[in-house]
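In case you want the letters, here they are:
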Amino acid sequence: MHMINDVLVVGSGSAGLIVALSLKKKIPKIRVRIVRDPDIGVIGVGEGTTPNFPALVFNYLGIPRKLFYQMAEPTWKLGIRFKWGPRGHFDYTFTPQLDAQWPGMPRPIGFYCDEEFSALSVPGALMEEGKVFPRQPNGCPDVQAWHAFHIENEKFVAMLEKIAVTSGVEIVDGCVSGTERGDEGVEAVWLKDGRKLEADLFVDCSGFRSELLGKTLETPFESFDKTLFCDRAVVGGWDRSDEPILPYTTAEQMSTGWCWQIEHVNRINRGYVYCSQAISDDAAAEEFLRKNPKLTKEPRMVKFRSGCHEKQWVENVVALGNSSGFVEPLESTALMVLCSNTQTLVEFLRHSDLDPTPGMRDLYNEVTLASWMDIRGFLALHYKFNTRLDTPFWRQACADTDVS
């Protein structure tokens, strides 16, 4: 590859903006542009995050907490409540629980547990009681590194756009109509109005379309369909009335998959992730409506495939976000992977003085593929050993899910 002085990011959702802002903040001398298609709206399904998200937003990017709270209007998240398995529910926090060891105790906490697994850590105790913070001596909330957020995409993207522009990121409005290939990958992106955009490095954040890595470079895709059978979601929600704002994401089993609940200040977001081979779209929508009678609009259906591209960096194209890979949001991994891989890419570029070698590119692909394989295996455990519901789908999941 040539020396990288000019980066073009295709896609202006949360992935594209996080990548562009990270590159510009950490390597200010490079030119960073984003192609924003005005005809593509933000998918407003709500997002659950993990603790590496606030670490990136506040510590890595330096976004002021006050601005984030004002513009993104997040709610606090301590973990995920799984209405899963035979115990009724299990609170999965962002801190160690069973393997933690309290001062003065000779063995880890898990040694002393029988069937009761609640309140094994401070976040676990808070989740059990529906609380968010312990208090400092002065009465103020004690915000810890294990706090994360629920965010609404539209508000978060609006905030990122504002910060990106003031940081020197250029936003180019236009619809990508094609690409031009060269000896080292993509040479240029063409817009419908005839403009030709060239760059040294192209970052594909075009979502499920994977415009550059998938379509143009035809990079092979590693499917997870032997492990994760769900491939669709029906999504909806309602305006909050007297419901308390819960300090966790809820993941609740359904007949042919599971249903999430994400808490926003003024709205509750729900979605049913299901397997289209085991239930029809109409039947899934009917089950979703029965479970959620407060839905205010007709739910919409989203198709997806679980898996990732075998290589995330091919020639002069790097894919991040959904264009690189996707798994169902059972453990809120989408933004987690994006934050991690974005920082890895930026550090690789910095340490190579913007002149990455093929070996560095290979190492990046090795690291990012390993992270996707780890997530695949982790999610597989949620299906392979779950005996709570005796339905055809869950019997098949227990029997056939590949955890190798």
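Computed from a predicted structure; not experimentally measured. (Residues numbered from 1 in each chain as written. Predicted model: local features only at pLDDT ≥ 70, side-chain atom pairs only at ≥ 80, totals over all residues. Heavy atoms only, no water.)

### Description of helix H5 (residues 153-166)
Then step 1. Under the 1.5 Å per step criterion, the end-to-end length of H5 is 20 Å for 14 residues, consistent within 8% with the ideal 20 Å.
Then step 2. Of the residues making up H5, those classed as buried are Asn153, Phe156, Val157, Met159, Leu160, Ile163 and Ala164. In an axial view of H5, the angular spread of the buried residues amounts to 160 degrees, which keeps them on one side of the axis. Across H5 from its buried face, at more than 90 degrees, point the exposed residues Glu154 and Thr166. (Helix = DSSP H or I, 4+ residues; strand = E, 2+ residues; numbered from the N terminus. Expected span 1.5 Å × (residues − 1). Buried < 20%, exposed > 50% of the residue type's maximum accessible area, 1.4 Å probe, protein only. Arc of directions from axis to C-beta.)

### Comments concerning the environment of Val143
Then step 1. Along the chain, Val143 turns up in the loop between helix H4 (122-129) and strand E7 (148-151).
Then step 2. The class for Val143 is partly exposed, based on a relative accessible area of 40%.
Then step 3. Separated by 18 residues in the primary sequence, Val143 and Glu161 have C-alpha atoms spaced 27 Å apart.
Then step 4. Contact partners of Val143, with chain neighbours within four places excluded, come to Trp76 and Phe133. (Contact = heavy atoms within 4.5 Å.)

### Digging into the nonpolar core
Then step 1. Core analysis: the largest hydrophobic core is formed by 47 residues, its most contacted members being Phe53, Ile63, Phe68, Leu320 and Leu349.
Then step 2. Once residues within four sequence positions are removed from consideration, Leu320 is found in contact with Ala15, Val19, Val203, Asp204, Cys205, Leu338, Asn341, Thr342, Leu345 and Tyr364.
Then step 3. Residues Trp258, Cys308, Leu330 and Trp394 belong to the second largest nonpolar core, which totals 29 residues. (Core = buried A, V, L, I, M, F, W, Y, C linked by side-chain atoms within 4.5 Å.)

### Quick look at the environment of Met159
Then step 1. Inspection of the secondary structure assignment puts Met159 in helix H5.
Then step 2. Distance in space between the C-alpha atoms of Met159 and Ala334 is 19 Å, their sequence separation being 175 residues.
Then step 3. In this view, Met159 contacts Ile63, Leu67, Phe68 and Met71; residues no more than four positions away in its chain are not counted.

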